Amino acid sequence: MRGVAISSLCAIPVNPSFLIDVGRLRVGMYIQLELGWMNHPFPVSSFRISSGEQIGTLQSLGLQQVRWIPSRSDPGVQDAVHAEDSSSAATPHASDAALQGAAGTAALQAAAAAEPAAVLQAQLAAQRRSLARCDEQFARATRAYERLALHAEQDPDEARRATAALIQGCVGELTDHGDSAIRLVSERVGTRAALHSVNVAVLSLLLGKTLGMRGDDLGDLGIAALLHDLGKITLPPHVAQPGAPLGPADQALYEAHVGESVVLAQRMGLGRTVVSAIAQHHERADGGGFPLGLKGSELSRAGQVLALVNHYDRLCNPLHGAQPLTPHEALSVLFAQHKARFDAKVLQSFIRLMGVYPAGSVVQLTNERYAIVVAVDSNRPLRPRVIVHDPAVPRDDALVLDMEAAPDLGIRRSLRPAQLPRDALDYLSPRKRICYFFERAVDATDALADGEGA
């Protein structure tokens, strides 16, 4: 039964883990920090404690508890902890946690076995409706972009009206439903230019909202993000969407698309805020961008957002024949190698928004299963929603697992698709193009209720 399979994935991990007070940490324990990498000084979030100095550092972070994985710890550590438990009844017991975990496992299994097939089918139907809505909204936006790009030169007024209507709809969808989760959408039919422009618009709106932008400011950002590459319609196809590195002459022509986009935006009668952001979408805070080499405060807030999001999307969906990075890799590169190129506040907000494992990331869980991240809620960036490879369940019937509801399950590492076994690769179908839309951040109960009322 489907409910048993999905509950088993989260309830019976190969490597069970328990929360333990930081005052009880000892050398040899393998722990997992449920913190973003900006919030701790360690090179990775999961590791075996090798020194008392590391324990002191962990205690200085102000954490009350950390997650301990006994099976990956040094031999004898678990026995020592249990011996300590038996000698101090006042101390919270890791063994008690294990018993509680076992009880929770039994409860989950019992609930799953008793769960009516009709409820599971309703959950699956609600899940499909939610994804279909995101897919259709993204596809509708790409079609609208293709139409306005086709007519921008001949009928700039109509192009302006079409752009305003599209972005107003997106802003309304984003602001009228409270918190939003970033949802990975299916690969849709459409030109690469349309996919990129809509993707950048979606992520820019989400980031702008995170930064406190509202009303006209958020709308202007969305318009600029959608139209930032519009000038490429004037370029030869091999320059506008290069599949290989360009020679000097073609590279200069490619960089000229910024100015062409500005000209078209001005013909459409768009305001200074929009035109300025479009002009800055390849600028960098360290002065290393083009066409003007602007620095720091010379960039508008909308320009800073657009420059960062455009760069992220090009890491995931590159031109010039470059190898695409996974979303997790792209975020890591931004933080570790490119942070000087972007405004610090904008970059930090973007990393929090996307989560440590952005939607589209392929991961291995702490129970050794493989999964693909399909949605991230910025309020709990380490607990995304995933689809787990489960050979016992047909791919089309796989329910999304909300890791917030599986406290004993974590993410061990991010993987490139090529590192997956063939059966997991076929099952999870990692996207060749990474595209996002937003959906209302809801829990499984709300999603089911929403589906029943649809």
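Heads up: the structure comes first, above all this text.
Note that this is a predicted model, so its numbers are computed, not measured.

(A) Main features of the overall build of the chain. A count of helical and extended segments in the chain gives 17 helices and eleven strands. The burial tally for the chain puts 50% of its 454 residues in the buried class. In the chain, 71% of the contacts between residues at least 6 apart in sequence involve partners at least 24 apart. Total accessible area on the chain stands at roughly 19,700 Å², and carbon and sulfur atoms take up 53% of it.

(B) Representation of the environment of Cys134 in the model. Mapped onto the elements, Cys134 comes out in helix H5 (residues 117–151). Separated by 52 residues in the primary sequence, Cys134 and Ser186 have C-alpha atoms spaced 8.9 Å apart. Sequence-distant contacts of Cys134, that is, excluding residues within four places in its chain, are made with Arg183, Val185, Phe437, Phe438 and Glu439.

(C) Quick peek at the sheet that holds strand S1 (residues 18–21). A sheet is described by the order of its strands in space; here four strands give the open sequence S1-S4-S2-S3, paired in antiparallel fashion. In this open sheet, the two strands that pair with only one neighbour each are S1 and strand S3 (46–48). With direction set aside, neighbouring strand axes in the sheet form an average angle of 40°. In terms of strand pairing, S1 meets strand S4 (residues 65–68) through four bridges, oriented antiparallel. Residue pairing for S4: Ile20 is matched across the bridge by Val66.

(D) Inspection of the state of the cysteines at higher detail. All chains considered together, the criterion is met by zero disulfides. In this structure Cys316 is not part of a disulfide, and its nearest cysteine sulfur, from Cys435, lies 10.0 Å away. Owing to a relative accessible area of 5%, Cys435 belongs among the buried residues under this scheme.

(E) Representation of helix H14 (residues 327–336) within the structure. Three or more residues of H14 are buried, namely Pro327, His328, Ala330, Leu331, Val333 and Leu334. Summarising the contacts, the buried residues of H14 are in contact with helix H13 (301–316), helix H15 (344–354), strand S10 (411–415) and strand S11 (436–440).

(F) How the structure looks around the pattern of salt bridges. If you walk through the whole model with that rule in mind, you get 16 salt bridges. Arg48 is the salt-bridge partner of Asp74, the closest N and O atoms lying 3.1 Å from each other. Of the two residues, Asp74 is situated in the loop between S4 and helix H3 (77–87) and Arg48 in strand S3; the sequence distance between them amounts to 26 residues. On the basis of relative accessible area, Arg48 is assigned to the partly exposed category, the value being 38%. A salt bridge links Asp229 to Arg314; its shortest N-O distance comes to 3.9 Å. Here Asp229 is found in the loop between helix H8 (215–227) and helix H9 (237–240), whereas its partner Arg314 is found in helix H13, with 85 residues between them in sequence. The pair formed by Asp229 and Arg314 is uniform in burial state, with each residue classed as buried.

(G) Up close: the packing of helix H7 (residues 192–210) against H8. One can describe the packing of H7 onto H8 by two numbers: an axis separation of 8 Å at closest approach and a directional angle of 155°. As the angle between them shows, H7 and H8 are arranged roughly antiparallel. When you trace H7 past H8, the crossing you get is right-handed. Between H7, through Ser197, Val198, Val200, Ala201, Ser204, Leu205, Gly208 and Lys209, and H8, the contact on the second element is made entirely by Leu218, Leu221, Gly222, Ala225 and Leu226. Classifying every residue of the contact of H7 with H8 by side-chain character gives eight nonpolar, four polar and one charged.

(H) Molecular detail of the nonpolar core. One finds Leu207, Leu230, Tyr312, Leu334, Phe350, Met354 and Tyr436 to be the most contacted residues of the largest nonpolar core, which totals 83 residues. Examining the composition of this core, we find that ten residues originate from one element, H7, more than from any other. Not counting chain neighbours up to four residues away, the residues in contact with Leu230 comprise Tyr145, Leu148, Ala149, Ala152, Ser261, Leu264 and Met268. Counting residues in hydrophobic clusters, the runner-up holds 17 residues, among them Phe47, Ile49, Leu63 and Val81.

The rules behind these values
- Residues numbered from 1 in each chain as written.
- Predicted model: local features only at pLDDT ≥ 70, side-chain atom pairs only at ≥ 80, totals over all residues.
- Heavy atoms only, no water.
- Helix = DSSP H or I, 4+ residues; strand = E, 2+ residues; numbered from the N terminus.
- Buried < 20%, exposed > 50% of the residue type's maximum accessible area, 1.4 Å probe, protein only.
- Contact = heavy atoms within 4.5 Å.
- Areas by Shrake-Rupley, 256 points an atom, 1.4 Å probe, with all protein chains shown as cover.
- Pairing = 2+ DSSP bridges.
- Axes fitted to C-alpha atoms, helices over the stretch in contact; angles between N-to-C directions.
- Disulfide = S-S within 2.5 Å.
- Salt bridge = Lys/Arg side-chain N within 4 Å of Asp/Glu carboxyl O.
- Parallel < 35°, antiparallel > 145°, perpendicular 65-115°, else oblique.
- Left-handed = near helix turned anticlockwise from the far one by under 90°.
- Nonpolar A, V, L, I, M, F, W, Y, C, P; charged D, E, K, R; others polar.
- Core = buried A, V, L, I, M, F, W, Y, C linked by side-chain atoms within 4.5 Å.

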